[in-house]
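Here are the chains, one letter per residue:
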Amino acid sequence: MSNLSRTAVSAALLLTAVVHAQQRTASANGTTSTASGTTLQVTALRDDVLRVRAWRGNNAPEDASWAVLPEARTAHIAVTATPDGFATKALQVRIDPQLRLTVSDLQDHILQQDAAPITWDGDRFTVAKDRTYDDHFFGLGDKPGPLDRGGQMFTMWNTDAFGFQESTDPIYKDIPFFLDVKQGRTLGVFLDNTWRSNFDFGRADVNRYTFSALNGPVDYYLMYGPEPKEVMATWRWLTGPTPLPPLWALGFQQSRYSYFPESQLREIADRSRQDKIPTDVLWLDIDFQHKNWPFTIDEQNYPNFPGLVQDLAKQQFKLVVITDLHVAHQPNVGYAPYDSGHAGDHFVHNPDGTEFIGDVWPGPSNFPDFTQVSSRKWWGSLYKDFTAMGIAGFWNDMNEPSVFNVPGKTMPDNVQHRIDAQGPSEAGFQKRTATHLEIHNVYGMEQTRGTYEGQLRFRPNERPFTMTRASYAGGQRYAVTWTGDNSSTWNHLRMTVPQLTNLGLSGFSLAGADVGGFAGSPPPALLTKWLEYAAFQPIDRDHSAKGTRMHEVWVDGPEQEAIRRRYIEERYRLMPYLYTVAEEGSRTGLPMNRPMFLEFPHANANGAPMDTGGANFLLGAHLLIAPNPSPEEVADYAVDLPAGTWYNYWTGEQIIRRSNNAAIDLEQRDKVVAQKPFLIKPTLEDLPVFVRGGTILPIAPLVQSTQQTPDGPLTLRVYPPALQPASGTSSPIAEPCEGEVYTDDGHTLNYQRGDYARVHFTCTTAPDGAVTVHIAAQEGKYTPWWKQFRVEVVGLSPATNAPTAIIRGKATPLTQTEGRWGVTLPRSTKPTTVVMH
């Protein structure tokens, strides 16, 4: 026998031995395979959702999660067994003799494939997947850098990262979830492991991406779309929604570290109203407290705090105050949070059983043991007095957790956290003690859980509001967030767009960045431009650090103030749309700020997502914001609109962006943009905003606070799609045309019991230019603030000198508002059709 033949036989015998060594057990919802001491279990939670677990030895690890909802974690469906795995109605699963996993769709498109078996190094594990140049990765929370994570490496370890820059890692949050978009198909991946972990998207090896952790379970979820919106809906199903916020949370918010003393905060409130800067929320940082002790008040400098809250309420301001988690270590002085926390054994311990004490803003401080149900309940009880005063919301900062004067800027690795027993129908945890290495990344989220539950305890029918700096996957259930201590630089302004967009893709739809930059003093142009961006972002909070110049809207004189006011006013006019988008996200998992590929997943013929750098973003499905990718520069820059009809939001100018194969009516050629991007000349006062053709945008009269009832009709601004000849025919077709408005009382949970109003709108365009708008019957029993609709059509050119609308068979004259023809009609609970020509 030749050497070549001997080699072939030996390889065949080796493969046979490996196959025979593998033990495989099929179950109703998946399969479990064991080889070389490792067990790999793959189960189907739904046809489009898989859970992958792996372990060494004979005993499976604890089946538990801080992130995944119990009903999702325990879900299961029946699968069809195959020789090397199983299949669902959407996915095929194959496991080779070395326990390498391949997942594909039913058309055999590989969605994910192991590049190697799982490797172990002590307690550390690494999962390696094949990577191609067609793979694009998005998510992982607020990590700085481009929107697409490809070619980068990240560490998941919540860190107080004051002064972070674009290359800084890690920063404040651990959200180990990402979307892999490849050739028009999207797969969501979530590693449910709270230990320090790492994600390498092709930096060490361009042909593979990996995720690894120092310890803890190999436990990850795969969520197939194929559309990215479907993955976002599944992520909501798995980890929970971003709840519908109180309406005031979408208003403009003014903050500083710190407004001190009380008189300065009152001056800010008075000036905001005097200058007619629409504002809903004022914030107080730590200086309002006695010696920075949480849940106290500096009564010398804020002598009538309950009266302050009441006076601000009369001016239609909500007050949000900071409540950091570090409880001042102040025994025997009557400091109730310490006394009750110590008496109830609610603080974390050192290995020797003593309470851990670390230095933070109050000096020596204790840290609550938030993994105990009883300690979260105790923490929530501390909000009793503040909620009774009428304080509207709370700010949980420093909760990575941050500790001063230690090398790691956090608790020692061996600090002890006690976990309560929770059955499978809850989180699934066994009663045990864990080290800080395991709990660090969920510590901030569990604080916000206690804060959220405490607010519901004392205001059971009011929507809680908590802002957090640190969190974990699923933390959107309890809090909104922001990008942390950013800087007053043009680059940080640019970075906010991909940061907020990736946060939205990670579940945190309600997120913002400190407007103007926290660290540093922005020049007037930077603050102005930042306020323009923020007007179209979910949380619009102007915040600055102690020792920097003031950031308020009026600080740089009337010219800058006028520009800034204009954008804040536009946000308030768009408030019906913002609130509708927020409500949509609470039901669907779609973020408020969206990357281009989420709305236009097939815009590129090669299947690659649009705008992987993340310079542009959408607010909801209908508004595209196209800021300068280099916002400090004055050179022209290119904007690449997706194919279809678009309108300049500010001027109403129609733009028809055609794809390579689209035909365009000869009469519309003056409005056509060629296939290549077009140029925009940047100016300080302009932020390019475009509206998708086929949008019906709800717009309200201007108010100074969301607590103020708008005076006038709700405007339905119609942006008709352009009629274009259908391929191969002379019959004109148009893109869909629709819109929606949602409202309720803006602060209670009554909407969950049907006390809301939702109205859907559609429109059609006829070849003669006539536009028909259909207003559907209202859903829900809530009576909205508007008593009338004003329906106006952008670009409508009436064929007569006496244009009319036909409403219920009667002709009504059209009138013009700012160049737009429209008609006003009473609100009705019945369907209404308006024909304008």
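To keep things clear, this report deals only with the structure shown in the data block.

**Things to note about the pattern of salt bridges**
Next, step 1: Tallied over the full model, the rule gives 50 salt bridges.
Next, step 2: Residues Asp485 and Arg469 are paired through a salt bridge, measuring 3.2 Å at the closest nitrogen-oxygen approach. Here Asp485, found in the loop between strand E29 (480-482) and helix H10 (490-505), pairs with Arg469, found in the loop between strand E28 (466-468) and E29; they are 16 residues apart in sequence, far enough to count as distant.
Next, step 3: Where salt bridges share partners, they join Asp160, Asp397, Glu400, Arg469 and Asp485 into one cluster.

**Thoughts on the sheet that holds strand E31 (residues 540-542)**
Next, step 1: Strand order in the open sheet made by the eight strands is E30-E29-E28-E25-E21-E20-E19-E31, with parallel pairing throughout. Of all the strands in the sheet, the pair left with one neighbour each is strand E30 (511-512) and E31.
Next, step 2: Bridge analysis of E28 against E29 gives two bridges, and the strand direction is parallel. When the sheet's bridge partners are listed, Thr468 is paired in E29 with Thr481.
Next, step 3: Each of strand E19 (252-254), strand E20 (281-284) and strand E21 (318-322) touches helix H4 (residues 262-274); the most contacted strand, E20, lies at about 165 degrees to it.

**Side note on the state of the cysteines**
Next, step 1: Scanning all chains against the criterion turns up one disulfide.
Next, step 2: Put simply, Cys737 and Cys763 are joined by a disulfide, and their sulfur atoms are 1.7 Å apart. Around the S-S axis, the bridge from Cys737 to Cys763 shows a dihedral of about 100 degrees and counts as right-handed. In this pair, Cys737 sits in the loop between strand E44 (732-733) and strand E45 (738-743) while Cys763 sits in strand E46 (residues 757-765), placing the two residues 26 residues apart along the sequence.

**Details of the packing of helix H7 (residues 373-381) against helix H9 (residues 436-458)**
Next, step 1: At their nearest, the axes of H7 and H9 sit 7 Å apart, and the two run at 55 degrees to each other. Put simply, H7 runs oblique to H9. Handedness of the crossing formed by H7 with H9: right-handed. On H9, the residues that touch Arg376, Lys377, Trp379, Gly380 and Ser381 of H7 are Glu446, Gln447, Arg449, Gly450, Thr451, Glu453, Gly454, Arg457 and Phe458.
Next, step 2: Of the residues that constitute the contact of H7 with H9, the class distribution is two nonpolar, six polar and six charged.

**Here's the deal with the sheet that holds strand E11 (residues 124-130)**
Next, step 1: An order of E10-E11-E17-E16-E13 is seen for the five strands of this open sheet, with the pairing classed as antiparallel. Pairing within the sheet leaves two strands with one partner each, and these edge strands are strand E10 (119-121) and strand E13 (153-156). Across the sheet, the axes of successive neighbouring strands diverge by a mean angle of 15 degrees, strand direction being ignored.
Next, step 2: Sheet topology note: the strand E16 (residues 197-200)/strand E17 (residues 208-213) ladder contains four bridges and is antiparallel. Among the inter-strand pairings, Ser197 is bridged to a residue of E17, identified as Ala213.

**A word on unusual backbone geometry**
Among all residues save glycine, negative phi is the norm, and among peptide bonds the norm is trans.
Next, step 1: Going from Tyr257 to Ser258, the amide bond is cis rather than trans, its omega being 0 degrees.
Next, step 2: Note that Ser258 resides in the loop between E19 and H4.
Next, step 3: For the bond running from Phe260 to Pro261, omega is 0 degrees, close enough to zero to count as cis.
Next, step 4: Along the chain, the position of Pro261 falls in the loop between E19 and H4.
Next, step 5: For Leu99, which is not a glycine, the phi torsion comes out positive at approximately 70 degrees.
Next, step 6: Located in the positive-phi region is Phe295, a residue other than glycine, with phi close to 70 degrees.
Next, step 7: Here Phe295 lies in the loop between E20 and helix H5 (305-314).

**Some remarks on the environment of Glu71**
Next, step 1: Mapped onto the fold, Glu71 is located in helix H2 (residues 70-73).
Next, step 2: As a C-alpha pair, Glu71 and Asp123 span 52 residues in sequence and 29 Å in three-dimensional space.

**Focus: the pairing of strand E47 (residues 771-775)**
Next, step 1: Alternating positions in E47 separate cleanly, Val771, Val773 and Ile775 being buried on one face and Thr772 and His774 remaining unburied on the opposite face.
Next, step 2: Two elements, E46 and E47, share five bridges in a ladder whose sense is antiparallel. When the sheet's bridge partners are listed, Phe761 is paired in E47 with Ile775.
Next, step 3: Turn length for the E46-E47 hairpin, with the two strands adjacent in sequence and antiparallel, is five residues, and the turn residue Gly769 shows positive phi of about 95 degrees.
Next, step 4: Where E47 lies against strand E53 (residues 832-836), five bridges are found, and the strand directions are antiparallel. Pairing of His774 across the sheet is with Thr833, part of E53.

**Here we look at the nonpolar core**
Next, step 1: Counting residues in hydrophobic clusters, the biggest one holds 148 residues, and the most contacted among them are Phe190, Phe305, Phe536 and Leu623.
Next, step 2: Among the nonpolar cores identified, the runner-up in size contains 36 residues, and Ala35, Val79, Phe86 and Val218 belong to it.

**Some words on the packing of H4 against H5**
Next, step 1: Viewed as axis vectors pointing N to C, H4 and H5 meet at an angle of 5 degrees, and their least axial separation amounts to 11 Å. Judged on the interaxial angle alone, H5 and H4 are roughly parallel. On H5, the residues touching Glu262, Leu265, Arg266 and Ala269 of H4 are Phe305, Gly307, Leu308, Asp311 and Leu312.
Next, step 2: Classifying every residue of the contact of H4 with H5 gives five nonpolar, one polar and three charged.

**So, the packing of aromatic side chains**
Next, step 1: Applying the stated criterion across every chain yields a total of 54 aromatic pairs.
Next, step 2: Centroid distance Phe190 to Tyr221: 6.0 Å. Interplanar angle 20 degrees. Geometry classified as stacked. You can see Phe190 sitting in strand E15 (residues 185-191) and its partner Tyr221 sitting in strand E18 (residues 218-224), a full 31 residues away along the chain. Just as Phe190 is buried, Tyr221 falls in that class too.
Next, step 3: Between Trp293 and Tyr335, the ring centres sit 5.0 Å apart and the planes meet at 50 degrees, which makes this aromatic pair tilted. Here Trp293 is found in the loop between E20 and H5, whereas its partner Tyr335 is found in the loop between strand E22 (327-328) and helix H6 (336-343), with 42 residues between them in sequence.
Next, step 4: Judged by its relative accessible area of 10%, Trp293 is buried.
Next, step 5: For Tyr335, a relative accessible area of 3% gives the class buried.

The rules behind these values
- Residues numbered from 1 in each chain as written.
- Predicted model: local features only at pLDDT ≥ 70, side-chain atom pairs only at ≥ 80, totals over all residues.
- Heavy atoms only, no water.
- Salt bridge = Lys/Arg side-chain N within 4 Å of Asp/Glu carboxyl O.
- Helix = DSSP H or I, 4+ residues; strand = E, 2+ residues; numbered from the N terminus.
- Pairing = 2+ DSSP bridges.
- Contact = heavy atoms within 4.5 Å.
- Axes fitted to C-alpha atoms, helices over the stretch in contact; angles between N-to-C directions.
- Disulfide = S-S within 2.5 Å.
- Parallel < 35°, antiparallel > 145°, perpendicular 65-115°, else oblique.
- Left-handed = near helix turned anticlockwise from the far one by under 90°.
- Nonpolar A, V, L, I, M, F, W, Y, C, P; charged D, E, K, R; others polar.
- Buried < 20%, exposed > 50% of the residue type's maximum accessible area, 1.4 Å probe, protein only.
- Core = buried A, V, L, I, M, F, W, Y, C linked by side-chain atoms within 4.5 Å.
- Phe/Tyr/Trp six-rings, centres within 6.5 Å; stacked < 30°, edge-to-face > 60°.

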